[in-house]
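Summary of the model geometry
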Amino acid sequence: MRADLLIRRAQLATFDPNVNNDGYGTIAHAAIALHDGRIVWRGADRDLPADLDAKQELDAGGRWLTPGLIDCHTHLVYAGHRADEFEMRLNGVGYEEIARAGLGIRSTVRATRSASEEELLQQSLPRLRNLMNEGVATVEIKSGYGLNMTTERAQLRTARKFHATQPIHVSTTFLGAHALPEEFVGRADDYIDHLIAEILPVLAHEGLIDAVDAFCETIGFTPAQVTRLFDAARALNLPVKLHAEQLSDRSGGELVARYRGLSADHLEWLSDTSIAAMAQAGTVAVLLPVAFYCLHETRLPPIAALRAAGVPMAVATDCNPGTAPCPSILLALNMACTLFRLTPAEALAGVTREAARALGLQHDRGRIAIGQRGDLALWSINHPAELCYHLGYNPLALRIFNGAVPAGAC
């Protein structure tokens, strides 16, 4: 057997449900072989094939190896900041009140429309690098701060540039139905028509869209409007996902499940009916604890009901300028455990195996298994739960991307 890279003396947290029953898919005293950017062998070090011939060998020194982490919900590409709104919320002004005053998302829309593509790239790159430095190998990036053709295209083009120029996989999501732009105030149906007829098909034809999202909420778009947009996405063979039940129950989980959507995200007000629909459809529940924390929310997502129904649960940063200014997947892991009471095994599966499922990439990444991508993170820890336990500490020792070790690491 030929391999480009052999890693020995590792503790594997595979997150493969067929391995072990400890939640982490642990293989102790393990080895892993990679070839052409894929995993070709994994198992106990003592069981290494005698004929395995590796070009490069890495001694993990007994440290823990996980799949490369996946942040499956971000709004990472934007311009400006909203620290003023942070201060307003601290003084008792609510999120909905801020939005209805023309601030919130619209404030970032104005800043992002004013920025050049190069400025968008330079302002967003440090956020992306912070995620990469915490072991993230795949990130979803949404548009939604343009709300017109020019800037939605610029956001998505910037995301594609990151995919092409940085050692990270980027999945792009069109979120034109994020908010109502000022030029369409009072004409929400006309704006949805505009997205369907003028923007979505063009950007899809340009190869800039991997999925379509919408904000279904009292300060966003109605279920009927989202349904029309999702019908248009389905006609273009694009999968859908939904910002659902963050501030109220609009049956968004049930809506996105009807389309066998990839995910429903936020979910503080999720109903039992929507949970059942999501379980039936295989739609992932994406939990966003940083936004919950920043908005001082008190209503928790129904974790126990999701768990009981067997709905896959992912965890993401929701990195955005208003309600989750947080390019830290490790902090999101801690908050998922401390605020939402996920177990560390559930939270870590939520940024590996289930996050891959939330992007429709479960057959390609998110587990340490034969045939999966060679995206791995090596951690200086004694147990995987430490990745959820620490605050303000990053124990990443090495990030392996597409089976390649950084120069000088071996």
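Refer to the structure printed above.
These notes cover the structure that comes with them. These figures come from a predicted structure and were not determined experimentally.

Some remarks on the packing of helix H5 (residues 149–165) against helix H6 (residues 188–205)
At a minimum axis separation of 10 Å, H5 and H6 run at an interaxial angle of 30 degrees. Classed by the angle they form, the pair H5 and H6 counts as roughly parallel. Taken as a pair, H5 and H6 cross one another with a handedness that is right-handed. Packed against H5, whose contacting residues are Met149, Glu152, Arg153 and Leu156, the element H6 presents Glu198, Ile199, Val202 and Leu203 at the interface.

Here we look at the pairing of strand E9 (residues 211–216)
The side chains of a regular strand alternate between both faces of the sheet. Across the 6 residues of E9, 6 count as buried, placing the element largely inside the fold. Both faces of E9 are covered, namely the face carrying Ala211, Asp213 and Phe215 and the face carrying Val212, Ala214 and Cys216. Looking at chain direction, strand E8 (residues 169–177) and E9 are connected through 3 bridges and run parallel. Bridge pairing links threonine 173 to alanine 211 in E9. In this region the chain leaves E8, passes through H6 and returns to the parallel neighbour E9; the handedness of that crossover is right-handed. Note: E9 against strand E10 (residues 241–244), 2 bridges, orientation parallel. When the sheet's bridge partners are listed, cysteine 216 is paired in E10 with alanine 244. Taking the sense of rotation as the criterion, the β-α-β connection linking E9, helix H7 (residues 223–235) and E10 turns out right-handed.

Structural notes on the nonpolar core
With 102 residues, the main nonpolar core has Phe162, Phe174, Val212 and Phe230 as its most contacted residues. For this core, the element with the highest residue contribution is helix H12 (residues 329–338), accounting for 7 residues. Excluding residues within four positions of it along the chain, phenylalanine 174 makes contact with Ser143, Glu152, Leu156, Leu195, Ile199, Leu200, Leu203, Ile209, Ala211, Val212 and Asp213. Core analysis: the second largest hydrophobic core is formed by 19 residues, Ile7, Leu12, Val19 and Ile39 among them.

Let's talk about the packing of aromatic side chains
Applying the stated criterion to the full structure yields 6 aromatic pairs. An angle of 75 degrees between the planes, with centres 6.2 Å apart, marks the rings of phenylalanine 15 and tyrosine 24 as edge-to-face. By relative accessible area, phenylalanine 15 is classed as buried at 1%. Centre to centre, the rings of phenylalanine 230 and tyrosine 259 are 5.4 Å apart; their planes meet at 80 degrees, and the pair counts as edge-to-face.

Re the sheet that holds strand E6 (residues 69–71)
Read from one edge to the other, the open sheet built from 8 strands follows the order E6-E7-E8-E9-E10-E11-E12-E13, with strand pairing classed as parallel. The two strands at the open ends of the sheet, each matched to only one other strand, are E6 and strand E13 (313–315). The sheet shows a mean angle of 25 degrees between the axes of neighbouring strands, direction not considered.

Here we look at unusual backbone geometry
The phi angle at glutamate 245 is positive, at roughly 55 degrees, despite the residue not being glycine. Inspection of the secondary structure puts glutamate 245 in the loop between E10 and helix H8 (252–258). Here aspartate 318, not a glycine, exhibits a phi torsion of approximately 60 degrees, which is positive. Within the secondary structure layout, aspartate 318 lies in the loop between E13 and H12.

Let's talk about the packing of helix H4 (residues 117–133) against H5
At a minimum axis distance of 10 Å, the contact between H4 and H5 shows a crossing angle of 50 degrees. Comparing the axis directions of H4 and H5 gives the class oblique. Viewed along their axes, H4 and H5 form a crossing whose handedness is right-handed. Facing Glu117, Leu120, Leu121, Ser124, Leu125 and Leu128 of H4, the residues of H5 in contact are Ala154, Gln155, Arg157, Thr158, Lys161 and Phe162. Grouping the constituent residues of the contact of H4 with H5 by class yields 6 nonpolar, 3 polar and 3 charged.

Topic: the environment of arginine 157
Relative to the helices and strands, arginine 157 resides in helix H5. Excluding residues within four positions of it along the chain, arginine 157 makes contact with Glu117 and Leu208. Separated by 3.0 Å, the side chains of arginine 157 and glutamate 117 make a polar contact.

Details of empty space enclosed by the protein
Under the counting rule described, the total for this entry stands at 2 cavities of 30 Å³ or more. Considering only enclosed or pocket space, the largest cavity measures out at about 130 Å³ in volume. In this structure, the largest cavity is lined by 14 residues; those nearest its centre are Tyr95, Ile105, His178, Asn320 and Thr323. Residues of the lining of the largest cavity, tallied by class, amount to 4 nonpolar, 8 polar and 2 charged. Taken as a whole, the second largest cavity encloses approximately 60 Å³ of empty space. Surrounding the second largest cavity, Pro67, Gly68, Ile70, Ala137, Thr138, Arg365, Gly366, Arg367, Arg373, Asp375 and Leu376 form its lining. Residue classes in the lining of the second largest cavity are distributed as 4 nonpolar, 3 polar and 4 charged.

Brief notes about H4
When the terminal C-alpha atoms of H4 are compared, their 24 Å separation across 17 residues agrees well with the 24 Å that a helix rising 1.5 Å per residue should span. The principal kink in H4, of about 35 degrees, is found at serine 124, preceding the proline proline 126 by one to four residues. Taken together, the buried positions of H4 are occupied by Leu120, Leu121, Ser124, Leu125, Arg127, Leu128, Leu131 and Met132. The inward-facing, buried residues of H4 contact E6, helix H3 (105–114), strand E7 (136–142), H5, H12 and strand E15 (396–400). With its phi angle positive at about 95 degrees, glycine 135 sits one or two positions after the end of H4.

What counts, and at which threshold
Residues numbered from 1 in each chain as written. Predicted model: local features only at pLDDT ≥ 70, side-chain atom pairs only at ≥ 80, totals over all residues. Heavy atoms only, no water. Axes fitted to C-alpha atoms, helices over the stretch in contact; angles between N-to-C directions. Helix = DSSP H or I, 4+ residues; strand = E, 2+ residues; numbered from the N terminus. Parallel < 35°, antiparallel > 145°, perpendicular 65-115°, else oblique. Left-handed = near helix turned anticlockwise from the far one by under 90°. Contact = heavy atoms within 4.5 Å. Buried < 20%, exposed > 50% of the residue type's maximum accessible area, 1.4 Å probe, protein only. Pairing = 2+ DSSP bridges. Right-handed = clockwise from strand over helix to strand, strands pointing away. Core = buried A, V, L, I, M, F, W, Y, C linked by side-chain atoms within 4.5 Å. Phe/Tyr/Trp six-rings, centres within 6.5 Å; stacked < 30°, edge-to-face > 60°. Nonpolar A, V, L, I, M, F, W, Y, C, P; charged D, E, K, R; others polar. Polar contact = N/O pair within 3.5 Å; in protein donor to acceptor, adjacent residues only side chain to side chain. 1 Å grid on protein atoms, 1.4 Å probe; cavity = no way out; pocket = protein on both sides within 12 Å on 5 of 7 lines; lining within 4 Å. Points joined across faces, edges and corners; volume = space filled by probe spheres on them. Expected span 1.5 Å × (residues − 1). Bend = angle between axes of the 7 residues up to and from the residue.

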